[in-house]
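A look at the structure
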Amino acid sequence: MKRSSPIVALVFGLMLAVLAPRASALPLGPTLQAGASASFPAKPSTLRDQWNTGFGFSGALMFKTLPLLSIGLETGYYEHGSDSGAFEETVLEMFPGVQFDGFNYWFVPLTAVAELNLLRWGVTKPFLRAGAGFYRVGTTDFSASGFASDQIDEGVLGDFSESAFGTLIGIGVRTPLVPGFSLSFDATYHAIATDGEATHFVPIRVRIEF
(Lines give C-alpha, C1' and ligand atoms only; values in the text may rest on other atoms or scores of the structure.)
Protein backbone atom coordinates (compact mmCIF):
# COMPACT_ATOMS: atom_id res chain seq x y z
CA MET A 1 0.00 0.00 0.00
CA LYS A 2 2.85 2.30 0.81
CA ARG A 3 4.46 1.63 -2.59
CA SER A 4 1.30 2.55 -4.48
CA SER A 5 0.77 5.91 -2.74
CA PRO A 6 3.28 7.85 -4.95
CA ILE A 7 1.53 6.49 -8.05
CA VAL A 8 -1.87 7.53 -6.71
CA ALA A 9 -0.52 10.98 -5.89
CA LEU A 10 0.96 11.29 -9.38
CA VAL A 11 -2.33 10.29 -11.06
CA PHE A 12 -4.28 12.67 -8.83
CA GLY A 13 -1.88 15.50 -9.65
CA LEU A 14 -2.23 14.87 -13.39
CA MET A 15 -6.03 14.94 -13.08
CA LEU A 16 -5.88 18.31 -11.32
CA ALA A 17 -3.59 19.67 -14.02
CA VAL A 18 -6.11 18.66 -16.71
CA LEU A 19 -9.30 19.71 -14.92
CA ALA A 20 -8.02 23.03 -13.54
CA PRO A 21 -6.11 24.80 -16.33
CA ARG A 22 -3.81 27.58 -15.24
CA ALA A 23 -4.05 31.21 -16.33
CA SER A 24 -0.36 31.12 -17.21
CA ALA A 25 -0.99 28.23 -19.62
CA LEU A 26 -3.54 30.14 -21.68
CA PRO A 27 -2.10 31.42 -24.97
CA LEU A 28 -0.99 35.02 -25.28
CA GLY A 29 -2.48 37.08 -28.08
CA PRO A 30 -5.63 38.96 -29.17
CA THR A 31 -9.21 38.37 -28.04
CA LEU A 32 -12.48 39.99 -29.05
CA GLN A 33 -15.10 40.99 -26.48
CA ALA A 34 -18.78 41.85 -26.92
CA GLY A 35 -21.09 42.85 -24.08
CA ALA A 36 -24.54 44.10 -23.11
CA SER A 37 -25.36 45.96 -19.93
CA ALA A 38 -27.85 47.79 -17.77
CA SER A 39 -26.51 51.30 -17.13
CA PHE A 40 -27.22 53.25 -13.95
CA PRO A 41 -26.92 57.05 -13.70
CA ALA A 42 -24.75 58.11 -10.73
CA LYS A 43 -23.77 61.81 -10.76
CA PRO A 44 -24.70 64.65 -10.85
CA SER A 45 -28.10 64.66 -9.14
CA THR A 46 -29.74 66.04 -12.30
CA LEU A 47 -28.61 62.91 -14.16
CA ARG A 48 -30.26 60.69 -11.55
CA ASP A 49 -33.39 62.87 -11.31
CA GLN A 50 -34.08 63.49 -15.00
CA TRP A 51 -32.85 60.26 -16.64
CA ASN A 52 -33.67 56.63 -15.95
CA THR A 53 -31.68 53.40 -15.85
CA GLY A 54 -30.57 52.69 -19.39
CA PHE A 55 -28.88 50.09 -21.56
CA GLY A 56 -25.52 49.68 -23.19
CA PHE A 57 -23.55 47.68 -25.74
CA SER A 58 -19.79 47.42 -25.91
CA GLY A 59 -16.98 45.82 -27.84
CA ALA A 60 -13.24 45.55 -27.36
CA LEU A 61 -10.09 44.23 -28.94
CA MET A 62 -7.79 43.02 -26.17
CA PHE A 63 -4.27 41.62 -26.23
CA LYS A 64 -3.05 39.25 -23.54
CA THR A 65 0.48 40.56 -23.07
CA LEU A 66 1.27 38.72 -19.81
CA PRO A 67 -0.31 35.63 -18.20
CA LEU A 68 -2.37 37.82 -15.87
CA LEU A 69 -2.63 41.07 -17.86
CA SER A 70 -4.59 42.11 -20.98
CA ILE A 71 -4.60 45.54 -22.60
CA GLY A 72 -6.60 46.93 -25.50
CA LEU A 73 -9.18 49.34 -26.88
CA GLU A 74 -12.84 49.40 -25.89
CA THR A 75 -15.81 51.31 -27.26
CA GLY A 76 -19.56 51.20 -26.72
CA TYR A 77 -22.89 52.97 -26.68
CA TYR A 78 -24.86 53.72 -23.51
CA GLU A 79 -28.27 55.41 -23.50
CA HIS A 80 -30.46 56.59 -20.60
CA GLY A 81 -34.12 57.33 -21.30
CA SER A 82 -35.41 60.66 -20.04
CA ASP A 83 -37.92 60.86 -17.21
CA SER A 84 -40.65 62.77 -19.05
CA GLY A 85 -42.43 63.65 -15.81
CA ALA A 86 -39.28 65.19 -14.35
CA PHE A 87 -38.70 67.28 -17.46
CA GLU A 88 -42.31 68.41 -17.54
CA GLU A 89 -41.94 69.64 -13.96
CA THR A 90 -38.83 71.67 -14.83
CA VAL A 91 -40.70 73.64 -17.50
CA LEU A 92 -44.11 73.67 -15.77
CA GLU A 93 -44.09 77.37 -14.83
CA MET A 94 -43.22 78.52 -18.34
CA PHE A 95 -45.15 75.85 -20.23
CA PRO A 96 -48.06 74.49 -18.15
CA GLY A 97 -49.65 71.28 -19.43
CA VAL A 98 -46.82 70.47 -21.83
CA GLN A 99 -46.32 66.83 -22.88
CA PHE A 100 -42.71 65.78 -23.37
CA ASP A 101 -40.94 62.81 -24.95
CA GLY A 102 -37.41 61.93 -26.10
CA PHE A 103 -34.20 63.73 -25.12
CA ASN A 104 -32.44 60.52 -24.04
CA TYR A 105 -28.89 60.96 -22.74
CA TRP A 106 -26.18 58.90 -24.51
CA PHE A 107 -22.45 58.24 -24.13
CA VAL A 108 -19.95 56.82 -26.64
CA PRO A 109 -16.55 56.06 -25.06
CA LEU A 110 -13.31 55.17 -26.78
CA THR A 111 -10.90 54.07 -24.08
CA ALA A 112 -7.61 52.27 -23.57
CA VAL A 113 -8.28 49.51 -21.02
CA ALA A 114 -6.18 47.16 -18.90
CA GLU A 115 -7.57 44.06 -17.16
CA LEU A 116 -5.66 42.22 -14.44
CA ASN A 117 -6.61 38.72 -13.27
CA LEU A 118 -6.43 38.48 -9.49
CA LEU A 119 -5.78 34.72 -9.47
CA ARG A 120 -3.03 32.88 -11.32
CA TRP A 121 -4.55 29.41 -10.95
CA GLY A 122 -7.98 27.94 -11.51
CA VAL A 123 -10.78 28.31 -14.02
CA THR A 124 -13.05 31.09 -12.71
CA LYS A 125 -11.06 34.22 -11.92
CA PRO A 126 -11.94 37.68 -10.57
CA PHE A 127 -10.29 40.60 -12.30
CA LEU A 128 -9.79 44.35 -11.99
CA ARG A 129 -10.12 46.74 -14.92
CA ALA A 130 -9.13 50.36 -15.45
CA GLY A 131 -8.91 52.69 -18.40
CA ALA A 132 -8.98 56.21 -19.79
CA GLY A 133 -9.97 57.88 -23.04
CA PHE A 134 -12.45 60.19 -24.70
CA TYR A 135 -16.22 60.21 -24.44
CA ARG A 136 -18.72 61.70 -26.85
CA VAL A 137 -21.82 62.84 -24.97
CA GLY A 138 -25.17 64.00 -26.33
CA THR A 139 -28.94 63.71 -26.33
CA THR A 140 -31.46 62.29 -28.79
CA ASP A 141 -34.18 64.35 -30.46
CA PHE A 142 -37.25 65.23 -28.42
CA SER A 143 -40.87 66.12 -29.04
CA ALA A 144 -43.22 68.32 -27.04
CA SER A 145 -46.90 69.16 -27.32
CA GLY A 146 -49.16 71.54 -25.45
CA PHE A 147 -49.19 75.25 -24.67
CA ALA A 148 -46.26 77.07 -26.40
CA SER A 149 -44.43 73.74 -26.80
CA ASP A 150 -42.88 75.01 -30.02
CA GLN A 151 -40.76 77.34 -27.85
CA ILE A 152 -39.10 74.47 -25.99
CA ASP A 153 -35.60 73.89 -27.30
CA GLU A 154 -32.14 73.00 -25.97
CA GLY A 155 -31.88 76.51 -24.59
CA VAL A 156 -34.67 75.55 -22.18
CA LEU A 157 -33.72 71.91 -21.56
CA GLY A 158 -29.94 72.33 -21.71
CA ASP A 159 -27.26 71.49 -24.26
CA PHE A 160 -25.41 68.32 -23.25
CA SER A 161 -23.46 67.73 -26.47
CA GLU A 162 -19.69 67.66 -25.99
CA SER A 163 -16.54 65.56 -26.13
CA ALA A 164 -14.60 65.10 -22.90
CA PHE A 165 -11.86 63.06 -21.27
CA GLY A 166 -12.98 60.26 -18.98
CA THR A 167 -11.77 57.38 -16.86
CA LEU A 168 -13.16 54.02 -15.79
CA ILE A 169 -12.51 51.50 -13.05
CA GLY A 170 -14.27 48.22 -12.39
CA ILE A 171 -14.27 44.70 -11.04
CA GLY A 172 -15.57 41.47 -12.51
CA VAL A 173 -15.34 37.70 -12.74
CA ARG A 174 -14.53 35.55 -15.76
CA THR A 175 -15.15 31.85 -16.46
CA PRO A 176 -14.65 29.68 -19.57
CA LEU A 177 -17.70 28.28 -21.40
CA VAL A 178 -16.18 26.10 -24.11
CA PRO A 179 -12.68 26.08 -25.61
CA GLY A 180 -12.10 29.50 -27.15
CA PHE A 181 -15.07 31.22 -25.44
CA SER A 182 -15.34 32.81 -22.00
CA LEU A 183 -18.16 34.53 -20.12
CA SER A 184 -17.61 37.44 -17.77
CA PHE A 185 -19.63 39.78 -15.56
CA ASP A 186 -18.39 43.19 -14.47
CA ALA A 187 -19.46 46.48 -12.93
CA THR A 188 -17.54 49.53 -14.15
CA TYR A 189 -17.64 53.10 -12.86
CA HIS A 190 -17.25 55.73 -15.62
CA ALA A 191 -16.36 59.34 -14.78
CA ILE A 192 -16.49 61.96 -17.56
CA ALA A 193 -15.00 65.43 -17.12
CA THR A 194 -17.97 67.23 -18.69
CA ASP A 195 -18.30 71.02 -18.50
CA GLY A 196 -19.35 72.22 -15.08
CA GLU A 197 -19.96 69.09 -13.02
CA ALA A 198 -18.49 65.71 -13.97
CA THR A 199 -20.87 63.03 -15.26
CA HIS A 200 -20.74 59.52 -13.77
CA PHE A 201 -22.57 56.31 -14.72
CA VAL A 202 -22.21 52.61 -13.85
CA PRO A 203 -22.94 49.83 -16.36
CA ILE A 204 -23.35 46.29 -15.02
CA ARG A 205 -22.45 44.07 -17.92
CA VAL A 206 -22.43 40.49 -19.21
CA ARG A 207 -19.76 39.84 -21.82
CA ILE A 208 -18.47 37.07 -24.05
CA GLU A 209 -14.82 36.76 -25.04
CA PHE A 210 -13.45 34.77 -27.94
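That block above? That's the structure.
Notes on the structure follow. (Residues numbered from 1 in each chain as written. Predicted model: local features only at pLDDT ≥ 70, side-chain atom pairs only at ≥ 80, totals over all residues. Heavy atoms only, no water.)

**Considering the nonpolar core**
Counting residues in each nonpolar core, the largest one holds 16 residues, and the members touching the most others are Phe107 and Ile192. Looking at this core, the elements with two or more residues in it are strand E5 (105–117), strand E6 (125–139) and strand E8 (162–178). The element best represented in this core is E5, accounting for 3 residues. Ignoring any residue separated from it by four or fewer positions in sequence, one finds Phe107 in contact with Gly76, Tyr77, Tyr78, His80, Arg136, Val137, Ile192, Thr199 and Phe201. (Core = buried A, V, L, I, M, F, W, Y, C linked by side-chain atoms within 4.5 Å. Buried < 20%, exposed > 50% of the residue type's maximum accessible area, 1.4 Å probe, protein only. Helix = DSSP H or I, 4+ residues; strand = E, 2+ residues; numbered from the N terminus. Contact = heavy atoms within 4.5 Å.)

**Points about the packing of aromatic side chains**
Aromatic ring pairs are described here by two measures, namely the spacing of the ring centres and the angle between the planes. Applying the stated criterion across every chain yields a total of 14 aromatic pairs. Between the aromatic rings of Phe181 and Phe210, the centroid separation amounts to 5.6 Å while the plane-to-plane angle is 25°, which identifies the pairing as stacked. Residue Phe181 is located in strand E9 (residues 181–192), and its partner Phe210 is located in the segment after strand E10 (199–209); the two are separated by 29 residues in the primary sequence. A residue is classified by how much of its surface remains accessible, and Phe181, at 39% relative accessible area, is partly exposed. (Phe/Tyr/Trp six-rings, centres within 6.5 Å; stacked < 30°, edge-to-face > 60°.)

**With respect to the pattern of salt bridges**
Throughout the structure, instances matching the rule amount to 8 salt bridges. As a salt-bridge pair, Arg174 and Glu115 come within 2.7 Å of each other at their nearest N and O atoms. Taken together, the positions of Arg174 in strand E8 and Glu115 in strand E5 put the pair 59 residues apart, joining distant regions of the chain. For Glu115, a relative accessible area of 3% translates into the label buried. Between Glu209 and Arg174 there is a salt bridge whose closest N-O contact spans 2.9 Å. Of this pair, Glu209 sits in strand E10 while Arg174 sits in strand E8; the two residues are 35 residues apart in sequence, bridging distant segments of the chain. Taken individually, Glu209 and Arg174 each receive the classification buried, so the pair is uniform in this respect. Linked through salt bridges whose partners overlap, the residues forming this network are Glu74, Glu115, Arg129, Arg174, Asp186, Arg205, Arg207 and Glu209. (Salt bridge = Lys/Arg side-chain N within 4 Å of Asp/Glu carboxyl O.)

**Thoughts on the pairing of strand E3 (residues 69–80)**
Relative to E3, strand E2 (residues 54–66) is paired through 11 bridges, and the arrangement is antiparallel. By the bridge assignment, Phe57 is partnered in E3 with Tyr77. Two successive antiparallel strands, E2 and E3, enclose a turn made up of 2 residues. Strand direction decides the pairing type here: E3 and E5, joined by 10 bridges, are antiparallel. Across the sheet, residue Leu69 finds its bridge partner in E5, namely Leu116. (Pairing = 2+ DSSP bridges.)

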